[in-house]
Amino acid sequence: MTEMSPEVKAALEEQKKNCIFCKIINGDMPSKKIFEDDLVFGVLDINPARKGHVLLMPKEHYPIMPFLPEETFRRLFEVAQTMCKSVKKGIVSTGSTIFIANGFAAGQQSQHFMIHIIPRDQEDNLPFSDLAGQSISDIAETERLIQHNLPIMVENHLKKNPADWHAPRDLEKGMKTSIEKVIQIVEQNPPLKDLIMKEPQEFLKQARSHPQLKPLFENIDPFEIVHHFNPDAVKTVEAKDEGFKIPDEEEKETPEDIEPEEEKSDSEDQMKNVSDEDADLDDIARLFK
Amino acid sequence: MTEHIVYEDERTEAVLVMEPKVAGQLVIRPKGDFPDIESIQPEMITHYFYVASFAASVLFEGLGAEATNIIMNEGAGTPFSITVIPRKKDDGIEFKWEPLKIPEEEMKDAQQKVSWEFMPPEESAPENTHVVSQEDMDQKTEEDNKKEEDQLVKWYEKIP
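Residues numbered from 1 in each chain as written. Chains lettered and ligands numbered in written order. Predicted model: local features only at pLDDT ≥ 70, side-chain atom pairs only at ≥ 80, totals over all residues. Heavy atoms only, no water.

Caption draft 1: Quick look at the overall build of chain B. Each helix and strand in chain B was counted, giving 3 helices and 5 strands. Mapped in sequence order, the helices and strands of chain B form the string β-β-β-α-β-β-α-α. In chain B, once contacts between residues fewer than 6 apart in sequence are set aside, the share between residues at least 24 apart is 43%. (Helix = DSSP H or I, 4+ residues; strand = E, 2+ residues; numbered from the N terminus. Contact = heavy atoms within 4.5 Å.)

In structure tokens:
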């Protein structure tokens, strides 16, 4: 997935020379081999958490997960699925865990990327099941950051590797749909439409600062909405992106979620979408009462 | 409680965990009810791990995580899900286990059982997919011989 620079490639060559797992894969060191094909290699861990603990790794030396080429990534997890079944059946367990440490701080001990496949039972006291911690409240920033980046990355990946279950989403087109949807929302909310007609400046301010409205205008410029309903106001409100200051946020209310806009294809999804929309409309309507 | 969905497609959703070990921890789960990994199409397993891997990259590049753990649990009373945890040095989190001391015989038993489940011996092709190679066999015999010898030495030592 990540392109390697010549420097990185050279460093990897150096790592490979001292890599125990490269030696095991080459047969220069003994191991309890479970599986091998042209890309993937599986052995029993000599420091197992349970009997049947398997290490599955790419045969080529990659230090972390983002370096794996597509084909290797795909094969590794296809084999992993079957391996989970196999450890459960072979060792007679009711479940399994795949454990990955990406980087030293996460407990990665070898420079050869690998995944741990461990047979599991409910009462085995291994540390992989209790993943809960303290309750947190303020994650708006984190949420926005992931919400913005993750869909783009996955969508780009799916564009390169089309899947028959997935209707490709054009981010540009998605934006247009959002504008149309906001227009629709405004049409159905007379107080909101009123605000745009009478106090466009106030609407812009609200659109950019109000915790509930702000997510709605993450991808679209509220100025376009003003333009749609009140073209005359264009002269009176400040022009798009010109010295418009975002007012200080006054987060008196807890921000509620507004479902991200999405293009849905089949009718079932569309029906679901209608109810989501109603929820949005209610929220917005409440704001302007 | 409202769910904080950070990614969604036809088959997947990724949700921020509200009671995490570390802020930014998220869970990737299939849409639909999948009690175990067997009930999921192989193609989808790969997709879920791709989403996990991209999520790890976002945590790494966007949130300043120094490393990430990706943990899939399934079965044993838990439906299939993948958790991604952003990590930093000395963050007080440890996924360590006390390595079991499993006797050689037991290890061989595990090797055979797991590899036979993975690829039943009758189906395995002689080339590159071999479960136990001739080399392994030779090694075993050597190990076995050595073990027998060791055993004998111990016996002799016991004789006054």
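Caption draft 2: Region of the structure containing the confidence of the model for chain B. Of all residues in chain B, 76% have pLDDT values of 70 or greater, and the mean over the chain is 84. For this predicted complex, the interface score ipTM comes out at 0.77, while the overall pTM is 0.68. (pLDDT = per-residue confidence, 0-100.)

Caption draft 3: Just the packing of aromatic side chains, in detail. Counted by the stated rule, this structure contains 11 aromatic pairs over all chains. Considering the side-chain rings of B:Tyr50 and B:Phe54, the 5.9 Å spacing of their centres and the 25° angle between planes classify their relative orientation as stacked. With B:Tyr50 and B:Phe54 both in helix H1 (residues 42-62), this residue pair falls 4 residues apart, about one helical turn. Each of the two residues, B:Tyr50 as well as B:Phe54, counts as buried. Following the ring pairs from residue to residue traces out a cluster consisting of A:Phe73, A:Phe77, B:Phe49, B:Tyr50 and B:Phe54. (Phe/Tyr/Trp six-rings, centres within 6.5 Å; stacked < 30°, edge-to-face > 60°. Buried < 20%, exposed > 50% of the residue type's maximum accessible area, 1.4 Å probe, protein only.)

Caption draft 4: Expanded view of the pattern of salt bridges. Residues and elements named next belong to chain A. In this structure the tally under the stated criterion is 27 salt bridges over all chains. Where Lys16 meets Glu13, a salt bridge forms, and the shortest distance between an N and an O atom there is 3.5 Å. Note that Lys16 and Glu13 are positioned in helix H1 (residues 6-17) at a spacing of 3 residues, about one turn of the helix. Among the salt bridges present, the one from Asp121 reaches Arg50, with a minimum N-O distance of 3.1 Å. Of the two residues, Asp121 is situated in the loop between strand S5 (115-120) and helix H4 (140-160) and Arg50 in the loop between strand S2 (40-44) and strand S3 (54-58); the sequence distance between them amounts to 71 residues. Judged by its relative accessible area of 21%, Asp121 falls in the partly exposed class. The network of salt bridges with shared partners includes Asp37, Asp38, Glu71 and Arg75. (Salt bridge = Lys/Arg side-chain N within 4 Å of Asp/Glu carboxyl O.)

Caption draft 5: Just the interface of chain A and chain B, in detail. With 88 residues of chain A in contact, the opposing surface of chain B contributes 88 residues. Carbon and sulfur atoms make up 63% of the area that chain A and chain B hide from each other, which totals about 7600 Å². A salt bridge links A:Lys51 to B:Asp109; the shortest N-O distance between them is 2.7 Å. Elements that contribute at least two residues to the side of chain A that touches chain B include exactly strand S1 (33-36), helix H3 (70-91), strand S4 (95-102), S5 and H4 of chain A. Tallied by class, the residues present in the side of chain A that touches chain B amount to 41 nonpolar, 26 polar and 21 charged. Sheet analysis places S4(A) next to strand S4 (residues 67-75) of chain B, joined by 8 bridges and oriented antiparallel. Paired with A:Gly95 across the strands is B:Gly75, a residue of S4(B). (Buried area = accessible area lost by both parts, 1.4 Å probe. Nonpolar A, V, L, I, M, F, W, Y, C, P; charged D, E, K, R; others polar. Pairing = 2+ DSSP bridges.)

Caption draft 6: Fine view of unusual backbone geometry. Of note, the phi angle at A:Val92 is positive, near 55°, even though the residue is not glycine. If you trace the backbone, A:Val92 turns up in the loop between H3 and S4. Even without glycine at this site, B:Asp90 takes up a positive phi of about 55°. Checked against the element boundaries, B:Asp90 lands in the loop between strand S5 (78-87) and helix H2 (104-118). Classification of B:Asp90 by relative accessible area gives exposed; the value is 74%.

Caption draft 7: Layout of the nonpolar core. Within the largest apolar cluster, 65 residues are counted, with the highest numbers of intra-cluster contacts made by A:Ile115, A:Ile117 and B:Phe49. In terms of residue count, the dominant contributor to this core is H1(B) (12 residues). Among the domains, domain 1 (1-89) and domain 2 (99-160) of chain B are the pair contributing at least three residues each to this core. Beyond its immediate sequence surroundings of up to four residues, A:Ile115 is in contact with A:Val54, A:Leu55, A:Leu56, A:Leu76, A:Phe77, A:Ala80, A:Ile98, A:Phe99 and A:Ile100. Ranked by size, the runner-up nonpolar core spans 21 residues in total, among them A:Ile185, A:Val186, A:Phe217 and A:Ile220. (Core = buried A, V, L, I, M, F, W, Y, C linked by side-chain atoms within 4.5 Å. Domains from an automatic or database assignment.)

Caption draft 8: Inspection of the sheet that holds S4(B) at higher detail. One open sheet holds the 10 strands; their spatial order is S1(A)-S2(A)-S3(A)-S5(A)-S4(A)-S4(B)-S5(B)-S3(B)-S2(B)-S1(B), and the pairing between them is antiparallel. The open sheet has two edge strands with one neighbour each: S1 of chain A together with strand S1 (4-8) of chain B. Neighbour to neighbour, the strand axes of the sheet diverge by 20° on average, direction disregarded. Summarising the sheet, S1(B) and strand S2 (residues 12-16) of chain B pair through 4 bridges and their orientation is antiparallel. Residue pairing for S2(B): B:Ile5 is matched across the bridge by B:Val15. Sheet strands in contact with H2(B) are S1, S2 and S3 of chain A, and its direction is about 25° off that of S1(A). (Axes fitted to C-alpha atoms, helices over the stretch in contact; angles between N-to-C directions.)

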